[in-house]
Amino acid sequence: MLYIIVGVLLFGLLIAVHEGGHFLTAKLLGVQVNEFAIGMGPAILSFQKGETKYSLRVFPVGGYCAMEGEDEDTKNPRSFYCKAPWRKVIILAAGSVMNFIAGFVLVAILFVSAGSYTVPVIRDFMEGFPCAGPAGLLPGDRILSVNGHAVPIYSDLSTQLNAAAGAGSMDLVVERNGEKVVLDDLPLTPREYTVDGQQVKMYGIYFNVEKVTIPGLIKQSWHTCWYFGKAVWSGLVMLFTGQVGLHDMSGPVGIVSYLGQAGSQGNDLAAGMQNVCYIIALIAVNLAIMNLLPIPALDGGRIFLLLVGELWFLFSGKKLPAKYEAWIHGMGFTLLILLMVVVTFSDIWKLVT
């Protein structure tokens, strides 16, 4: 239960950070903000400061930044509607940027707390490893790519090795003594190795572990967030190509359940919290990408319609009426709510069964 509570609070913090991005850029770029709320539902605490009402609401998931003229035509010169397109794009994209930064900071904190990270540099091989030697792999080799896919961090390497596990061979590029070495059709496959008296199927390679340094921390955190982003895109491709369906998706209920499971898998409280924070970092990057998709009611949809409106003005000399954009976003919001209801019922059904 502790991990679930922490996960819900961190998820709520991600939403607050997202809306905070909109709020800060709106204020900086001269847009009137009528209300900034953290949470959803009835207000627990609220106060007025200047033109903006600040609210803390009962449900710790969600939030909003209500800007003047966001969905309607108004003559107020400080309204969102009356601002230049470049200002609107910055304000709309700021939420996703803040989510990505939050994910980056969380990952960096996790690496600092661990004190080290695994890198795709070969340290040694297990007894019986068949691909060692000048024509194969050597200790000290840094693996740069697997089957044409770059592996800047160990997570990428692990993903590509798993994807190529049943191929029988793979093409590697390694850095050896400062030079690139191409190893085509290397017969590198999982095989049985003895670990603590048990037979385990694995590749039989030990990789280096490096202590955290500032340059290394920045590089590892950036590439880890990039790795999260690639995982999100892969999931979207699988969804649109029919490789996964709605039953594979998770909403708030499924995410909370998964956070509890991940936390419980830790050997102690610290390890459990690290697992939860890792998933929250993944969700932060996920939110950053998903919100920029050109889907009505999302920030990316608003940016897309903003560009459409500018093209309309360029060719017709007239502004696209705000009521049409509001109607499109309203329909998109309704469909997203329906999707969330369906996914939530699916999550509950999976938990029950």
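For the structure, check the block above.
The sections below set out a description of the structure shown in this document.

Concerning the overall build of the protein
- Of regular secondary structure, the protein possesses eight helices and ten strands.
- Within the span of the protein, comprising 353 residues, buried residues form 39% of the whole.
- Charge centroids of the protein, computed over 23 positive and 26 negative side chains, lie 10 Å from each other.

Thoughts on helix H6 (residues 269-290)
- The end-to-end C-alpha distance of H6 is 31 Å, a good match for the 32 Å that 22 residues give at a rise of 1.5 Å each.
- Where H6 begins, one side-chain oxygen reaches toward the backbone nitrogen of Ala270, 3.3 Å away; that side chain belongs to Asp268.

Focus on a nonpolar patch on the surface
- Together, Ile38, Met40, Ile44, Leu45, Leu56, Val58 and Phe59 make up a nonpolar patch on the protein surface, roughly 630 Å² of accessible area in all.
- Breaking the nonpolar patch down by element, the ones donating at least two residues are strand E1 (33-49) and strand E2 (52-67).
- A total of four residues in the nonpolar patch trace back to one element, the largest contributor, which is E1.
- As for its position among the elements, Val58 is in strand E2.

Description of the nonpolar core
- Within the largest apolar cluster, 35 residues are counted, with the highest numbers of intra-cluster contacts made by Leu14, Val276, Ile280 and Ile283.
- Mapped onto this core, the elements with two or more residues apiece are helix H1 (2-28), helix H2 (85-114), strand E3 (116-125), helix H4 (214-240), helix H5 (252-264) and H6.
- Top element by residues in this core is H6. It accounts for ten residues.
- In this structure, Ile280 is in contact with Gly7, Leu10, Phe11, Leu14, Leu106 and Leu259, ignoring residues within four places of it in sequence.
- Counting 22 residues, the second-largest nonpolar core is a separate cluster that includes Leu137, Val151, Leu157 and Leu161.

Here we look at the packing of aromatic side chains
- In the structure shown here, the tally under the stated rule is ten aromatic pairs.
- With centroids separated by 5.8 Å and ring planes inclined at 75°, the aromatic side chains of Phe23 and Tyr54 adopt a geometry described as edge-to-face. Of this pair, Phe23 sits in helix H1 while Tyr54 sits in strand E2; the two residues are 31 residues apart in sequence, bridging distant segments of the chain.
- A residue is classified by how much of its surface remains accessible, and Phe23, at 12% relative accessible area, is buried.
- When the ring of Tyr227 is compared with that of Phe228, the centres are 6.3 Å apart and the planes differ by 50°; the resulting orientation is tilted. Both residues of the pair, Tyr227 and Phe228, count as buried.
- Against the face of Phe80 rests Lys88, its NZ or CZ located 5.8 Å from the ring centre.
- Here Arg191 stacks its cationic end above the ring of Tyr193, 5.4 Å away from the centre of that ring.

Things to note about unusual backbone geometry
- Of note, Asn177 is a non-glycine position whose phi angle comes to about 55°, a positive value.
- Mapped onto the fold, Asn177 is located in the loop between strand E6 (170-176) and strand E7 (179-186).
- A residue is classified by how much of its surface remains accessible, and Asn177, at 78% relative accessible area, is exposed.
- Within the chain, Ala297 stands out as a residue other than glycine whose phi angle is a positive 85°.
- Structurally, Ala297 is set in the loop between H6 and helix H7 (299-316).

Notes on the state of the cysteines
- As enumerated under the stated definition, the model contains zero disulfides in all.
- Free of any disulfide, Cys225 has its nearest neighbouring cysteine sulfur in Cys277, separated by 13 Å.
- According to the relative accessible area criterion, Cys277 is buried, its value standing at 18%.

Topic: helix H3 (residues 154-163)
- Turning to H3, its buried residues number three or more, namely Asp156, Leu157, Gln160 and Leu161. Each buried residue of H3 sits inside an arc of 130° when the element is viewed along its axis, so together they form one side. For H3, the exposed residues set more than 90 degrees away from the buried face come down to Asn162 and Ala163.
- On its buried face, H3 sits against E3, strand E4 (142-146), strand E5 (149-150), E6, strand E10 (205-211) and H4.

Description of the packing of H4 against H6
- Here H4 crosses H6 at 60°, and the two axes come no closer than 9 Å. When the axes of H4 and H6 are compared, the pair comes out oblique. The handedness of the crossing between H4 and H6 is right-handed. Across the interface between the two elements, Cys225, Tyr227, Phe228, Gly229, Val232, Trp233 and Leu236 of H4 pack against Tyr278, Ala281, Leu282, Val285, Asn286, Ile289 and Met290 of H6.

Definitions and cut-offs
- Residues numbered from 1 in each chain as written.
- Predicted model: local features only at pLDDT ≥ 70, side-chain atom pairs only at ≥ 80, totals over all residues.
- Heavy atoms only, no water.
- Helix = DSSP H or I, 4+ residues; strand = E, 2+ residues; numbered from the N terminus.
- Buried < 20%, exposed > 50% of the residue type's maximum accessible area, 1.4 Å probe, protein only.
- Lys, Arg positive; Asp, Glu negative; His and termini not counted.
- Charge placed at Lys NZ, Arg CZ, Asp CG, Glu CD.
- Expected span 1.5 Å × (residues − 1).
- Polar contact = N/O pair within 3.5 Å; in protein donor to acceptor, adjacent residues only side chain to side chain.
- Patch = residues over 30% accessible without salt bridge, like charges linked within 9 Å, V, L, I, M, F, W, Y side chains within 5 Å.
- Areas by Shrake-Rupley, 256 points an atom, 1.4 Å probe, with all protein chains shown as cover.
- Salt bridge = Lys/Arg side-chain N within 4 Å of Asp/Glu carboxyl O.
- Core = buried A, V, L, I, M, F, W, Y, C linked by side-chain atoms within 4.5 Å.
- Contact = heavy atoms within 4.5 Å.
- Phe/Tyr/Trp six-rings, centres within 6.5 Å; stacked < 30°, edge-to-face > 60°.
- Lys NZ or Arg CZ within 6 Å of the ring centre and 35° of its normal.
- Disulfide = S-S within 2.5 Å.
- Arc of directions from axis to C-beta.
- Axes fitted to C-alpha atoms, helices over the stretch in contact; angles between N-to-C directions.
- Parallel < 35°, antiparallel > 145°, perpendicular 65-115°, else oblique.
- Left-handed = near helix turned anticlockwise from the far one by under 90°.

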